[in-house]
Amino acid sequence: MKKKGIKNRVTPWEVKGSVNYDKLVKEFGVERINEDLLNRIKKHTKELHFMLRRNIFFAHRDLHWLLDEYEKGNKFFLYTGCGPSGPIHLGHIGTWMFTKWLQETFDVELWFQFTDDEKFLFKKQSLEEIQQWMHENMLDVIALGFNPKKTHFIINTKHAHLLYPIAIRIAKKITFSMVKASFGLREDSNIGQLFYTSMQAAPAVLPSVLKNKNIPCLIPHAIDQDPHFRLTRDILPKLGYYKPASIQNMFLPPLTGVSGKMSSSENNGIFTTDTKEEVKNKINKYAFSGGQPTLEEHKLKGGDPEIDVSFQYLRMLLEEEDEKLNKIYENYKSGKLSTGELKKYTIEKINVFLEKHQKEREKAKKKIDDFVYKG
Ligand code: TRP
């Protein structure tokens, strides 16, 4: 599958080249979210989140089963996570905003894993540095407004006493050849990397273990994490648990163009700690534009919102109102709205979001303890 020389590649640790979502759906074996499923979700949520309406969350595993159980009164819990190795950018935020919406609309618990072990094992940074980032990243998660009574942070190194007994049961069912095939690991990969996926699988059953009863699990995550959960789903039934259901979103593009993904390590995005000036500069200087080279030409021929990064940020994250978004789309396409104007609107939207976020992030410094699971 992952032969040398292939330019497009999506694994949990690397997203290279342009992302072909149809191909990923086939390769990973997830199901597209269709009208039927959307209508079924809508029965429970009344409104559909714009990320569902716009197909940003585009694929799933076993959502119908999850809703069957929910309708029988068997509530699920949510599980998602963060690998802390750098600052949080807008790409992380979308998945978590949607997770918060799920938590609120279904009134369910959320287990949030921080994988300091993972980033230590896969990156060059020291454990101390990773754990500093973890602290920073927690502030961003809290700033989004999760309910501390229903949200539990699990830190892999800190809660090892809870995770490890589960992880070894999972690990015993995973062979070297399975992780080689799923994650592109090799003979010379360090042995922590080979074990790691069992730590990411563990929270999918942790609440079931703690409460000593089987509880359905829903994992919202960006599509690159699917190889972990595909494996998790194969193994958990062998241990007497449900397969976790999951729902996958697309990547928010980097500033440089609509393919690939925003990434802290490649410094190609907008961070939650950026100043207003930095945001303005980044969008104006680097955000790839679907507009024409000159204003005159733009007025004549119009721009292409599909490849315009600013427009995509509005569509995927920042402009919740369909009517406004459609208007921008039409006006940009016809040439009535210039690239400069589109960028100005996008900068404004990002800065309004960040202003609130940064205030909440400050307040979050006192709240970490309310979120870290005591047990
Ligand atoms: N591996 C993920 C990352 O690198 C972090 C993570 C752990 C996660 N558990 C998760 C992401 C569950 C989504 C869902 O960011």
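Predicted model only: the values in this text are computed from it and were never measured. (Residues numbered from 1 in each chain as written. Predicted model: local features only at pLDDT ≥ 70, side-chain atom pairs only at ≥ 80, totals over all residues. Heavy atoms only, no water.)

Side note on helix α15 (residues 309–318)
To keep things clear, this is the line we draw: Burial classes: relative accessible area under 20% of the type maximum marks a residue as buried, over 50% as exposed, and values in between as partly exposed (1.4 Å probe, protein chains only). Helical segments are the DSSP runs of H or I of at least four residues, strand segments are the runs of E of at least two, and each set is numbered from the N terminus. Identification of polar contacts relies on pairs of N or O atoms within 3.5 Å, with a donor-acceptor requirement for protein atoms, meaning one able to donate a hydrogen and the other able to accept it, and with residues adjacent in sequence counted only if both atoms are side-chain atoms.
Across the ten residues of α15, nine count as buried, placing the element largely inside the fold. Every buried residue belonging to α15 is among V309, S310, F311, Q312, Y313, L314, M316, L317 and L318, and all of these are buried. By the N-cap criterion, in which a side-chain oxygen at the helix start approaches the backbone nitrogen of a residue two or three places on, α15 is capped by D308, the distance to S310 being 3.1 Å.

As for unusual backbone geometry
With a phi angle near 65 degrees, N55 is a residue other than glycine that sits in the positive phi range. Summarising the element assignment, N55 is placed in the loop between α3 (50–53) and β4 (57–61). A residue is classified by how much of its surface remains accessible, and N55, at 26% relative accessible area, is partly exposed. Here the phi dihedral of N267 falls at roughly 50 degrees; this positive angle occurs in a residue that is not glycine. On the accessibility criterion, N267 (54% relative accessible area) is exposed.

Comments concerning the sheet that holds strand β7 (residues 151–155)
In plain terms, the rule: The rule for pairing is simple: two strands pair if DSSP sees at least two bridges between them. A contact between two residues is defined here by any heavy atoms of the two lying within 4.5 Å. Here the axes come from fitting lines to C-alpha atoms, over the contacting stretch only for helices, and the angles between their N-to-C directions go from 0 to 180 degrees.
Reading across from one edge, β3-β4-β9-β8-β5-β6-β7 is the order of the seven strands in this open sheet, with mixed pairing throughout. Either end of the sheet is taken by a strand with one partner, and the two such strands are β3 (31–32) and β7. Docked against the sheet, helix α4 (residues 63–71) engages β4, β8 (217–222) and β9 (245–249), running at close to 130 degrees with respect to β9. Set on the sheet, helix α12 (residues 226–235) makes contact with β4, β5 (77–82), β8 and β9; between it and β8 the angle comes to about 155 degrees.

Quick notes on the site of the ligand
Quick note on the threshold: Nearness is defined per residue: one heavy atom within 4 Å of the molecule or strand is enough. Residues are grouped as follows: nonpolar covers Ala, Val, Leu, Ile, Met, Phe, Trp, Tyr, Cys and Pro; charged covers Asp, Glu, Lys and Arg; every other residue, Gly included, is treated as polar.
Around the ligand, a shell composed of 14 residues is seen, among which Y79, Q113, E118, Q200 and Q225 lie nearest. Between the ligand and G83, the relevant distance is 3.1 Å, taken from an oxygen atom to a main-chain nitrogen or oxygen of the residue. Between E118 and the ligand, the recorded distance is 2.9 Å, taken from a side-chain N or O atom to a nitrogen atom. Looking at the shell around the ligand, the elements with two or more residues in it are β5, α6 (116–122) and β8. If one sorts the elements of the shell around the ligand by residue count, β5 sits on top with four residues. Partitioning the shell around the ligand into residue classes produces four nonpolar, eight polar and two charged.

What about the state of the cysteines?
Chemically, a disulfide is nothing more than a covalent bond linking the sulfur atoms of two cysteines. As a reminder, the rule being used: Sulfur atoms of two cysteines make up a disulfide when they are within 2.5 Å.
What the rule picks out here adds up to zero disulfides. C82 carries a free sulfur, and the closest cysteine sulfur to it, the one in C217, is 17 Å from it. On the accessibility criterion, C82 (4% relative accessible area) is buried.

Regarding a nonpolar patch on the surface
For the record, the criterion: By definition, no residue in a patch forms a salt bridge, and every one has over 30% relative accessible area; like charges are joined within 9 Å, nonpolar side chains (Val, Leu, Ile, Met, Phe, Trp, Tyr) within 5 Å. Residue exposure ignores everything except the shown protein chains as possible cover, and the areas themselves are Shrake-Rupley values with a 1.4 Å probe. For salt bridges, the criterion is a side-chain nitrogen of Lys or Arg within 4 Å of an Asp or Glu carboxyl oxygen.
A cluster of nonpolar side chains, namely V258, F288 and I307, defines an oily patch on the protein surface of about 220 Å² accessible area. Structurally, V258 can be placed in the loop between β9 and α13 (276–286). Using a relative accessible area of 37% as the deciding quantity, one classes V258 as partly exposed.

Looking at the nonpolar core
What counts here: In plain words, nonpolar cores are sets of buried Ala, Val, Leu, Ile, Met, Phe, Trp, Tyr and Cys residues tied together by side-chain atoms within 4.5 Å. What marks off one domain from the next here is an automatic or database domain assignment.
Membership of the largest hydrophobic core comes to 82 residues, with the highest contact counts inside it found for L52, F114, F153, L218 and I283. Each of domain 1 (19–250) and domain 2 (276–363) accounts for three or more of the residues forming this core. Not counting the four nearest positions on each side in its chain, F153 is found in contact with F112, F114, M138, V141, I142, H159, F371, V372 and Y373. Listed in part, the 28 residues of the second largest apolar core include I170, A201, L231 and Y373.

Quick look at the domain arrangement of the protein
Heads up, the rule is: Buried area is calculated as the accessible area (1.4 Å probe) missing from two parts once they are joined, with the contributions of both summed.
For the protein, the domain assignment lists domain 1 (19–250) and domain 2 (276–363). On the domain 2 side, the residues contacting the 15 residues of domain 1 number 14 residues. For the pair domain 1 and domain 2, the two sides together bury roughly 1400 Å², of which 60% comes from carbon and sulfur. Inspection of the domain 1/domain 2 interface yields four salt bridges.

Some remarks on the packing of aromatic side chains
Filter applied, for reference: Two aromatic rings, drawn from Phe, Tyr or Trp (for Trp, its six-membered ring), form a pair once their centres lie within 6.5 Å of each other, and the interplanar angle then sorts them: stacked below 30 degrees, edge-to-face above 60, tilted otherwise.
Evaluation of the coordinates by the stated rule reveals 21 aromatic pairs. A ring pair is formed by Y21 and F251, whose centres lie 6.4 Å apart and whose planes are at 40 degrees; its orientation type is tilted. A residue pair is termed long-range when its members are at least 10 positions apart, and Y21 in helix α1 (residues 21–28) and F251 in the loop between β9 and α13 qualify at 230 residues. The buried category is assigned to Y21, whose relative accessible area is 16%.

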